[in-house]
Every structure is written in structure tokens, then in C-alpha cells.
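Spelled out from the first residue to the last, the chains are:
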Amino acid sequence: MNPSGAVLIVDDELRSRESLQRVLAEEFDVLCAQNAREAESILAGDLVQVILCDQRMPGESGVDFLRRVRDQWPDPVRMIISGFSESEDIIAGVNEAGVSQYITKPWHPEKLLECVRDAVKLYRMQKEPGGVGGDAKPSHDTLNRVLADRRREQRRMFEFDRIVHVPGGPMDETLDLARKATKYDISVLVTGASGAGKELLARAIHFGSARGDKPFVVENCGALPDELLESELFGCKKGAYTGAYQDRIGLFELADGGSIFLDEIGETSPAFQVKLLRVLQEREIRPLGATRSRKIDVRVISATNRDLEAEVEQGRFRRDLFYRLNAFPIHLPALADRPRDVPKIAESILGDVNRSFHRKIPGFAPEAMARLVAYGWRGNVRELHNEIQRMVAMSDEDTPLGAHLLSPRIAALPQPAKLNGAIALKDKVEALERIEIVKTLRDCSGNISHAAESLGLSRVGLRAKIERYDLRRDVSQDLANDG
């Protein structure tokens, strides 16, 4: 079993230290100090999640020591263990030293383990986005309930069924592969254009796997220089480099037991790739400035918009790291390759934007939707999301979004045939046909007989295409005029 956190025991009695270490060592990385000076030396060189300190020590009480620790190393969860239970000590410990737990001797092994497990959970919750406050002291039941509720909500939010697409399209194969990836604890490499939704797919893989009740953390590897990226991923000690003003737990350690998503992995430097490869091979990290390495148990899901195989051949990406990351490759198709998904994705985005902007816009006018389908979306779903946000912001009324609200680059598209990107001929023909049907129905004020004649179709044939392309909602107001 990999240690699930680092615990510092501070006790002047050898037998007491040995007893505590014996109980805790099976689950935790245990460090021991017989006095405050040794403990401070350890805190200066290692990242520690929990401090378990004896109250009565020669020269300085546990509360006095933890009070100083709170000022210099505020992150570790502080606990007192003592054979005495003076109320003044307890009050001082809680108020002045931020002590989260006061354990009395003789202690029971299982109760001690439970307290330390809760302390490690609390430490990690403090570091997660939206975590609890630094001096929060939730009970065991409250802590577990908060964690369980949080993981349950995350699993619900990132189910595969929430990835918007139409059946029978290119996304079917991608999602089938991703579902298979949830069954096996191997590294996954997601490839695809920027903005296509690689992080969303990674979250679905994590929360659908056996690790789904453990942390999922994210880092964009292309956003930081090497030194800061190392600090973010592996952690650092205060003063390890210029600008390291405090101890920082690394994302690999924060994700212990769960998954880490390394986005834009192809942007990393060869020097950093060497360090990442070592972490994946040895399954351990050493924070910058720390004196010891620490074992981790993390599943790596990485993503890139580059052709990493070509990068390997050109010497810009390490071949051995590529094979480590590419155990289970999954390609996410660009939005330009799946135009039939655009209406459904656009409606889903509009729902989110309505909630965010406190609006009640019911949908899109047919011409606006036709142009959204026709546009190439080089920025993928992210660009579509930004466009819809802009349309809603430009709209003064809660009525369907019209083509006049589109950005000039989309509104000025002269012919739907000017679609960007490599699209399958069948998809391109269907997208163009859909646009022409919507346009003709609007020109004919929804009169199916006139529209069918203009398109060279029978009334039955046109109605069949309206059903096939699910256009009834788009043109429902116009169709109401047709007898």
C-alpha cells in the first residue's frame, strides 16, 4: 500500500514515538522528532500533512510549539496527544495553535488511525478548489459526508451521457473507447484540437472508473515555465526557488489515489519530460527543496493538440515518455468533423448561458442555427460557447437568437458551401440540405406546398426531411401558418 500522507510525530519519549510509528506506518509516511528543534528541521525539508505532537515535552509544551508552527508552516493539520487533559491546555491549543484534535492517552490504535485519516482528508479538502477553511474542524461523520457528497455530485456532472452528441456520429467511437478505458487502470492519451472538450472527456473517464471517488486534478502544462510547472506538479518547500514563499503540496500528491489530467503535454520542454518520466517510472515524487521522495498512486490522463508521434520522430518529445503516456490513445474529433452535433451542443450551451446570465431565451432562429451549422468552428466547442455567450449578451429580449446577432465572420458567410475543415461528404451534404430547407421554409412563410415546389420535392418528401433533421422546433412558428 502506498502511504496516503506524511505524518510528523513529535514526542520526547522513545517508546511513545515507536508505538505511534508502528500503528501509523502501514498507512502513512511517518517522520519522527524527539524535540521541537528536530521537528522544525523536518518541516523545513519535507512536506507534511499532519503533525501529531505530545503536549508535555522538556523546555516547551506542545501547544507552544504548534503555535509557532502555525505561523511558519500553516498548512499541516495540527493535533495534540497527551496523558493529561487540563482544560486550559485544550482551550489554548484550539484558540492559539489551531489544534484540530486533542487525543488523550492511552489511545486506541483504530481510533488513532481514524483521527489521522480524517486529518489527511481535511488537509486535502483545504487544498481542493472550494475546499474548507484552513482552521475548520469538522467531525469524522461531517468530513466523510462532505467528501462523499462532493464526489457524488462530480460523478453526476461528468457522466458520459452528459457529453452532448447525436447517435450515429463520429463521437460514438470515441465514447465507446473512453468507456472501455474506465475499466482498466492504465494511462490514457487524448488527442484532438484545442477547445474540442478533452478535459470533459478526461473527467468522464476518471469519474466512471474505480478511482471516481478519489481526487481529480488538472494542470495545463503549456501555461507555465519549467520551474513553476515542477512546483505545481511535484510540490516545493518554502525558499526552494525565487518566489517560493510557502510550502506547496504538488498536484500529484493531491491526486493520490485518483487521477491527474496533464493538458497540452506536448508543450513541455525536453528537460521537464525527463523529470516527468522519472515520476511515472518510479511512482514517486520529490518536492523542490525537499530532502526525501514520496510514493504516489496516481492515474495519468494526458492530452495534446499536437501530433506527438511526429514530435517524437523530430526529436522534440521523448520516445520513452510517449510510450508511457500513450498506453490507451483516444482521438476526440473536431467540431468541424461532426456538424450534425452543432444544433444539440448549441442548445445545451444556451441552457447553461441562460442560467449564468439569468435569461430565458428559448432557442435560435432557423437562419441563425443554419449558419452555426455551416460555420467551420476552428476553435471547436470553446469558440461555439463564446459565440453563444456573445449572442445572448447582444440580445435585448428573451426571444430566439437571430442571425443579426452573429459575429461578422459568421453572419457574412455568403454560402453554406464555404464550410471549413475536413468533413465527410455525407455530413457536408446533410448540413447544406438542412440549411436550404430551413431557408426555403422561411422564404415561403412555412407553406410546405410552396417550399416543396421550390425545392423540387413532394410534400411528403419535404415533411420526411423536416422530421429527419428535427427541424419542426426550428420552424414551428412558420409551419403554424401552413394548412
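All of the points below concern the structure found in this document. (Residues numbered from 1 in each chain as written. Predicted model: local features only at pLDDT ≥ 70, side-chain atom pairs only at ≥ 80, totals over all residues. Heavy atoms only, no water.)

### Here's the deal with the pattern of salt bridges
One side chain can pair with another of opposite charge once the charged atoms of both are near each other.
Here is step 1 of the chain: Tallied over the full model, the rule gives 32 salt bridges.
Here is step 2 of the chain: With a closest N to O distance of 3.5 Å, R294 and D29 form a salt bridge. You can see R294 sitting in strand 10 (residues 294–295) and its partner D29 sitting in strand 2 (residues 29–33), a full 265 residues away along the chain. Judged on exposure class, the residue R294 and its partner D29 are both buried.
Here is step 3 of the chain: Between D256 and R124 there is a salt bridge whose closest N-O contact spans 3.8 Å. Taken together, the residues D256 in the loop between helix 10 (251–254) and strand 8 (259–263) and R124 in helix 5 (residues 109–127) connect sequence positions 132 residues apart.
Here is step 4 of the chain: Given the relative accessible area of 12%, R124 is considered buried.
Here is step 5 of the chain: Ionic contacts of the salt-bridge type, sharing partners, join the residues D29, D46, E253, R292 and R294 into one network. (Salt bridge = Lys/Arg side-chain N within 4 Å of Asp/Glu carboxyl O. Helix = DSSP H or I, 4+ residues; strand = E, 2+ residues; numbered from the N terminus. Buried < 20%, exposed > 50% of the residue type's maximum accessible area, 1.4 Å probe, protein only.)

### Structural notes on the sheet that holds strand 3 (residues 50–54)
Here is step 1 of the chain: Spatial ordering of the open sheet is given by 2-1-3-4-5, a layout of five strands whose pairing is parallel. Two strands lie at the open edges of the sheet, namely strand 2 and strand 5 (99–104), each paired on one side alone. Sheet twist, expressed as the average angle between the axes of neighbouring strands with direction ignored, equals 20°.
Here is step 2 of the chain: Relative to strand 5, strand 4 (residues 77–82) is paired through five bridges, and the arrangement is parallel. Across the sheet, I81 pairs through a bridge with I103, a residue of strand 5.
Here is step 3 of the chain: Docked against the sheet, helix 2 (residues 36–45) engages strand 1 (6–10), strand 2 and strand 3, running at close to 140° with respect to strand 2. (Pairing = 2+ DSSP bridges. Axes fitted to C-alpha atoms, helices over the stretch in contact; angles between N-to-C directions. Contact = heavy atoms within 4.5 Å.)

### A few points about the packing of aromatic side chains
Here is step 1 of the chain: Going through the model one piece at a time under the given rule, you end up with seven aromatic pairs.
Here is step 2 of the chain: Through a chain of ring-to-ring contacts, three or more aromatic side chains come together here, namely F158, F207, F216 and F261.
Here is step 3 of the chain: Positioned above the aromatic ring of F158, the side-chain terminus of R203 is 5.0 Å from the ring centre. (Phe/Tyr/Trp six-rings, centres within 6.5 Å; stacked < 30°, edge-to-face > 60°. Lys NZ or Arg CZ within 6 Å of the ring centre and 35° of its normal.)

### Side note on helix 8 (residues 198–207)
Here is step 1 of the chain: Judged by how many residues are buried, helix 8 sits mostly within the fold: eight of ten residues are covered.
Here is step 2 of the chain: Turning to helix 8, its buried residues number three or more, namely K198, L201, A202, R203, A204, I205, H206 and F207.

### Examining the nonpolar core
Here is step 1 of the chain: If you look at the biggest cluster of nonpolar residues, it comprises 28 residues, and the most contacted ones within it are L233, F252, I260, L262, I265, L276 and F317.
Here is step 2 of the chain: Counting residues per element, the ones that place at least two in this core are helix 9 (226–234), helix 10, strand 8, helix 11 (270–282), helix 12 (308–313) and helix 13 (319–325).
Here is step 3 of the chain: No other element matches the five residues that helix 11 contributes to this core.
Here is step 4 of the chain: Residue contacts for F252: discarding those within four places in its chain leaves L233, F234, I260, L276, V279, I285, I296, V298 and V300. (Core = buried A, V, L, I, M, F, W, Y, C linked by side-chain atoms within 4.5 Å.)

Honestly, that's just the spatial picture; any functional story needs more than this.
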